[in-house]
Structures are given as C-alpha cells and as structure tokens.
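What the coordinates show
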There are 2 protein chains.
Amino acid sequence: MQIAIPIYDGVTALDAIGPYEPLSRVPGTDVRFVGVEAGPVRCDTDALSLVADYAVDDVPSPEVIVVPGGGGSRNENGDALLDWIRVAHETTKWTTSVCTGSLLLGKAGILDGLKATSHWIYLDMLREYGAEPTLDRVVEQGKVVTAAGVSSGIDMALRLIQLEAGDDLAQAIQLSVEYDPQPPVDAGSPQKAPDHIVDLVRKVEQSQAGSG
Amino acid sequence: MQIAIPIYDGVTALDAIGPYEPLSRVPGTDVRFVGVEAGPVRCDTDALSLVADYAVDDVPSPEVIVVPGGGGSRNENGDALLDWIRVAHETTKWTTSVCTGSLLLGKAGILDGLKATSHWIYLDMLREYGAEPTLDRVVEQGKVVTAAGVSSGIDMALRLIQLEAGDDLAQAIQLSVEYDPQPPVDAGSPQKAPDHIVDLVRKVEQSQAGSG
C-alpha cells in the first residue's frame, strides 16, 4: 500500500512523523514523503529540515494520503500542493490529516458537508470550508479521516491500521513503538487543562500564528 | 537552554521528533540536531532523511542531550558520536535517551551502576554496560534520564519540562501539542499486550535487527 505524506515549509514535524512511524511498520507499505519539489523542507521551528524524497508529480495516485499541519498550512499559497491533494483524493482509499492539515483538506474542497477536526485552536476555521468542527481526537467520515492537534496522528495511524488489518496488527505496532502514554500532567485537551492554561496557549499560539 | 539531539544513519525518527516537538516549544530553548557531520541522515525505514544542521564539533557543550535510538544505535561504529556524548555529558544539566539510545549512553560509559530503560526488547542489553534494566516508562537517575521505546520520548520531554519549569509550562505544552492519547487498542507495553502479540513483535524485531 502506497502512503504519501506531503510536507512543506512550515510543517510541524510531529504531525508528519507521528503517523509515519506506525504506518511505516505495516508489512508491505511504501511510505513516501512528497514535496512540491523533491528536497528538504524547513519545519515550523526553524530547527529542523525533513527531506521529501519525491515531488508530488512523482506520486500521483497513492492509496493513502496523510496531510500534516503547521504554520505553512495556514499561509500556504502552494497551489501545486492543493491541486495534488485534490486529484490524489479522487483515487485514494483513505484521505487523512493531522492538526491544521485539515485546513488544507478544506481548501482542497474535500471537507464540504463533513464532520472534521483540527488543532483545537483552529477548529472554527473548518466552517469556512463547509465542515462541521468536532472535538473528537479522530473523526471518521467514510474515507476521510481527520485527527486533532499534533500528537493525535499516532492514534489516527493506529486506527487506520486497525481498520485495514485488524486488532492484532494494530496491537503489534502499538507495542513495537511502545505507545503506552504516561504523561506527567493531564492537560492534553482544552477540556482537561485548567482555564488559565487554555487562555495562555491560545494567546501564545495566536501571537505567533504559531505551529500546530 | 541549548538542547542537542544527535542523529545518525539508522535512527528511528519518532525517537528524535517525539521529544523535539515539546522541548522546542519551551521559551528560550535552542534545539540543535547534530550529526557526526552536518547534513542529512537516513532513518531506519529508508523512507525519510532528517537533516542535522550542525556537526557534533559545532555543539560541544549543550545543556541537554537527547539521544534517540534505532538500528544504527546497535551497529554504531561512530566513535566520534560516542566521544561527543561522553564529553558533552560532563557538562550537561540533563543527559537523556529514548529507546535504544540508552545503549549509546551505555557504550559511552554513562549508565554504569544506574537504573535505566530502553525499548523492552533490548532491555537486557543494558546489563552489558553495568546498568540495572527497569520497565518504567521514564527512569530518572540524577541528571541521567532514560525513556522506554520510541513514543516514550514525548512523556520524557514533558517530564523534563515539568522538572525545569514547573507544572504550568508542562501543561501548556502538553495542550499545545494536544497530547491526550486515545489509542484504539491497549497493547502499548509487554504487560498489556496479549502473549501472542509480544512473541510476534519480538520475532519480527529480532529478525530485522529492527528499528526502535
């Protein structure tokens, strides 16, 4: 199964690497990082580059696409990337996103009339594309699956593996990446975090047109 | 605070990117990916390259080092990398590892007499370096902190942030990366996974001298 992960300047690394790591462990998968052109892209922190081995034109009809978010997804003038998403979606088995990657799916016209999610701060922007924002961590609408902020792509990937190959493989891959989360604090969603933390994160993120 | 993440051919991407993503969001941090030489390194899946902006010689005395694991950590003949870890450790505030990155700390002589962890499959190898293997997800021994397999670096990073800056910042960063795990199956550790899944993963991993 060919899986394409489009990356671009301003991408949030964990949005892409979170799902890549479990998906790449499915036997027989061919995971390809694609850019508008092949070569390095700079992540949103400006501390790291990821290399796209392929240009989008080299990977016209993947069976799965996983669109990560990041600052670049909100400023993206890369029509070539949106065009590729739009065309690839016509023949995918699964069209998926992590974090503000859903805004790119929205811009490509894929979310009209669907429930979808995104990073909680940007959730309302989904309405601009005809989507119905939801706070679920992974939202499944037929072949379109959107995940919440940044780290949620790990959960989404395990869900895709479960849907495609069943519980045994999902469990095996969860165990191989030892995904047994034990965060030392419990503030991973706006429902769980104290109000002053939610306000702080919203303020910082919006002042930076930040990452996610 | 300067944080160095050494990467090398055969590294497991999520081992490095998991902790990078929260740590890079701490105000005032300067996260640097370092290689024996600056430039791209190839991850264990052969589907992705990460770019080290710096050579290890350019970053001699970081305050924090985070050593990721991967197939390359078990075949590593890169004495330059081990020498750098050994010398950098003398002046770090925190010396940390994810997954089989702890085997590199062990080879560098840092774990002698300490409790430590690693990917569950490789845990016993820690004894070769005088360490006492433990199955905890994050093991703190003074300034030496080791984390379990692959995804555990996210939890470790949040713990470091909590130790350095307190609960508020750890919560804020957990919320900014929306780390509210909801895996669809519950097999993230060898204690939780069914026996046949544990056996399967062990067999596959050992036949591949696989990733982790």
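The written sequence of each chain sets the order in which its residues are numbered from 1. Ligands are numbered from 1 and chains lettered from A, in the order in which they are written. Since the coordinates come from a predicted model, pLDDT governs what is reported: local features require at least 70, and pairs of side-chain atoms require 80 or more to be given and counted, while whole-chain, interface and lining totals use all residues. Each side-chain value is worked out from all heavy atoms of the structure, with water and hydrogens disregarded.

So, about the relation of the copies chain B and chain A. With an RMSD of 0.0 Å, chain B superimposes on chain A once it is rotated by 180 degrees and translated 0.0 Å along the axis. Between the two chains, the operation in question is that of a two-fold axis. Of the C-alpha atoms belonging to chain B, the one lying closest to the rotation axis is found on B:L50, 2.4 Å away. Both copies share a contact surface, since 100% of the interface residues of chain B are interface residues in chain A too. The superposition of copies rests on a least-squares fit of C-alpha positions from residues with pLDDT of 70 or more in both. Only heavy atoms enter the contact rule, under which two residues are in contact if any of them lie within 4.5 Å.

Below, the discussion takes up the domain arrangement of chain A. All names here are of chain A. Domain annotation of chain A identifies domain 1 (2-181) and domain 2 (183-212). For domain 1 versus domain 2, the separation of C-alpha centres amounts to 22 Å. If you look at the interface, domain 1 gives 16 residues, while domain 2 gives 12 residues. Joining two parts hides part of their accessible area as seen by a 1.4 Å probe, and the buried area is that hidden amount summed over both. Of the roughly 950 Å² buried at the junction of domain 1 and domain 2 (both faces included), carbon and sulfur atoms supply 63%. Every case where a carboxyl oxygen of Asp or Glu lies within 4 Å of a side-chain nitrogen of Lys or Arg is listed as a salt bridge. For the interface between domain 1 and domain 2, the tally reads zero salt bridges. Think of a polar contact as two N or O atoms within 3.5 Å of one another; within protein, one of them needs to be a possible hydrogen donor and the other a possible acceptor, and neighboring residues in sequence only count if both atoms come from side chains. The interface formed by domain 1 and domain 2 contains one residue pair in polar contact (both at pLDDT 80 or more). Here the side of domain 1 that touches domain 2 is composed, by residue class, of seven nonpolar, six polar and three charged. For each domain, the first and last residues come from an automatic or database assignment. Lys, Arg, Asp and Glu make up the charged group, whereas Ala, Val, Leu, Ile, Met, Phe, Trp, Tyr, Cys and Pro make up the nonpolar group; the residues left over, Gly among them, are polar.

Each partner contributes to the interface: chain B provides 66 residues, whereas chain A provides 66 residues. Here chain B meets chain A over a buried area of about 5,500 Å², counting both sides, of which 59% is carbon and sulfur. Together, B:L175, B:E178 and B:V185 form the three largest contributors to the area buried by chain B at its contact with chain A, with a combined 13%. Taken together, the links from chain B to chain A amount to four salt bridges. We note a salt bridge from A:D180 to B:K192, for which the minimum N-O separation is 2.5 Å. Our count for the contact surface shared by chain B and chain A stands at 38 residue pairs in polar contact (both at pLDDT 80 or more).

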